[in-house]
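Coordinate inspection notes
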Amino acid sequence: MPWIYLRRDELGVSAEDAAVLESIYRFAWITNQRLTGSALAVLATLEHHQIPVLLLKGLPLLAEAYQDIGGRYMEDFDIMLRDEHVEPAVAALAESGWKPARPEAFSVSARRWRHSEELTHLSGLSCDIHWRLLCRPNEPVDEEPVWASRRTILLRDRPALTLSPEHMLVHGLVHGLSWERVPAIRWILDTHLLLRRHTPDWPHVAAEAARRGVTLLVADAMAVYDEILPGEIPAEIRRELARHPVSGRQRRAYEQLTRPYESTSLRMAWDLYLSDWTRARALEEVPPGLRGFLQHLKTYWRVTSIFALPWTFLRKVLSRAKR
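1. Some points on the overall build of the chain
If you tally the helices and strands in the chain, you get 16 helices and seven strands. Within the chain, residue pairs in contact and separated by at least 24 positions form 64% of the contacts whose partners lie at least 6 positions apart. Total accessible area on the chain stands at roughly 16400 Å², and carbon and sulfur atoms take up 56% of it.

Written out as structure tokens, the structure reads:
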């Protein structure tokens, strides 16, 4: 909506509709100004503590693709840290009013199964801290290539680090096609403006999708995009991704990410839990036996006590039974 307001003349928007869109744009502009100021303060705090940080998602897109702070509404801002810097960063940011949204959200055990968690501020703003670029649909991958290809953008004339166009594209496509209760169709405009700004190394995009085990998601997202804006993504890249071999686990993870959570079958959910537990045991991340499995579920389901597992399990079964 804010972007339509900025293009109201060329799109022939009526004066009545333009008045409504202006209020939406102004709201986005004010919200994003607050988030930008807060993000710059976070970057300054982490820089003071010598903690490298990358900006993700909305802010870098606004800065270089939209080129208007009100052009895209944001609810929060996202940053990425190396895993070993997460807990020092959370401690440093606590001094300026940032607190984890959930207890133990950033513990070592929690970070094994999550890719990001939320910090909330006394002002009501929120920041998502990522230590992996994507939610882990398969095995964890090395994130150092993300850091090695980082680049500098300007945010309010101040330098900040963000992803390469290739990593930004894969990140946006996967998040765009992942299921949300309110579909985030703005990923299509995000992608269009990113491609207007940069010409990606397309083989690198395909290789990164394969390395992360998300070729199904990226190929389908590209197919949806091509139906709406044909010709911007090379057909050969889409064919290459479609031909890429996909494991059974990757296919189950794809189904889990693109369906409403409640529609995920119990068998599919059990396969994923069991597979993750088996991997954790192999890496000696959890104790063997029933105690280790319960500890794994406690972290995976984000509950504070093992004694909460029966009720959590019952709630999950009932939510699926109601679908």
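2. Let's talk about a nonpolar patch on the surface
A contiguous nonpolar patch, built from M1, I4, L11, V20 and I24 and spanning about 450 Å² of accessible area, is present on the exposed surface. Locating I4 in the fold gives a position in helix α1 (residues 2-6).

3. Structural notes on the layout of surface pockets
Approximately 270 Å³ is the volume found for the second largest pocket. Top element by residues in the lining of the second largest pocket is helix α3 (residues 15-48). It accounts for five residues. Of the residues in the lining of the second largest pocket, the class split is ten nonpolar, no polar and two charged.

4. With respect to unusual backbone geometry
Here Q67, not a glycine, exhibits a phi torsion of approximately 55 degrees, which is positive. Here Q67 lies in the loop between α4 (58-66) and β2 (77-80). The exposure class assigned to Q67 is exposed, which follows from its relative accessible area of 54%. Notably, R156 is not glycine yet its phi reads approximately 55 degrees, a positive angle. Here R156 is to be found in the loop between β6 (151-155) and β7 (158-162).

5. A closer look at the pattern of salt bridges
Tallied over the full model, the rule gives 15 salt bridges. Put simply, D78 and K57 hold a salt bridge, and the shortest N to O gap is 3.7 Å. Here K57 lies in the loop between β1 (54-56) and α4 and D78 lies in strand β2, a separation of 21 residues in the sequence. The class of D78 is buried, set by a relative accessible area of 4%.

6. So, the confidence of the model for the chain
Residues at a pLDDT of 70 or more form 86% of the chain, whose mean pLDDT is 85. Mean pLDDT in the chain bottoms out at helix α14 (residues 266-282), which sits at 60, and peaks at β1, which reaches 97.

7. Things to note about the nonpolar core
Of all hydrophobic cores here, the largest spans 68 residues; its most connected members are L46, F77, I79, L81, I129, V218 and M222. If sequence neighbours within four positions are ignored, L81 has contacts with L46, I51, P52, V53, V86, A89, I129, H130, W131 and W147. Ranked by size, the runner-up nonpolar core spans five residues in total, among them F293, L297, W301 and L309.

8. Notes on the environment of A253
As for its position among the elements, A253 is in helix α13 (residues 248-258). The class for A253 is buried, based on a relative accessible area of 2%.

9. Re the environment of L55
Tracing the chain through its elements places L55 in strand β1. You can call L55 buried: its relative accessible area is 1%. Spatially, the C-alpha atoms of L55 and A39 are 8.8 Å apart, while their sequence positions differ by 16 residues. Discounting chain neighbours no more than four positions away, the residues touching L55 are L43, P60, D78, I79, L155, A160, L161, T162 and L163.

10. Overview of the packing of helix α10 (residues 202-211) against helix α11 (residues 215-228)
Following both chains from N to C, one finds α10 and α11 inclined at 135 degrees, their axes separated by 8 Å at the closest point. Classified by the angle their axes make, α10 and α11 are oblique. Residue-level inspection shows W202, V205, A209 and A210 of α10 in contact with α11, the latter providing T215, V218 and M222. Taken together, the residues of the contact of α10 with α11 sort by class into six nonpolar, one polar and no charged.

Rules used throughout
Residues numbered from 1 in each chain as written. Predicted model: local features only at pLDDT ≥ 70, side-chain atom pairs only at ≥ 80, totals over all residues. Heavy atoms only, no water. Helix = DSSP H or I, 4+ residues; strand = E, 2+ residues; numbered from the N terminus. Contact = heavy atoms within 4.5 Å. Areas by Shrake-Rupley, 256 points an atom, 1.4 Å probe, with all protein chains shown as cover. Patch = residues over 30% accessible without salt bridge, like charges linked within 9 Å, V, L, I, M, F, W, Y side chains within 5 Å. Salt bridge = Lys/Arg side-chain N within 4 Å of Asp/Glu carboxyl O. 1 Å grid on protein atoms, 1.4 Å probe; cavity = no way out; pocket = protein on both sides within 12 Å on 5 of 7 lines; lining within 4 Å. Points joined across faces, edges and corners; volume = space filled by probe spheres on them. Nonpolar A, V, L, I, M, F, W, Y, C, P; charged D, E, K, R; others polar. Buried < 20%, exposed > 50% of the residue type's maximum accessible area, 1.4 Å probe, protein only. pLDDT = per-residue confidence, 0-100. Core = buried A, V, L, I, M, F, W, Y, C linked by side-chain atoms within 4.5 Å. Axes fitted to C-alpha atoms, helices over the stretch in contact; angles between N-to-C directions. Parallel < 35°, antiparallel > 145°, perpendicular 65-115°, else oblique.

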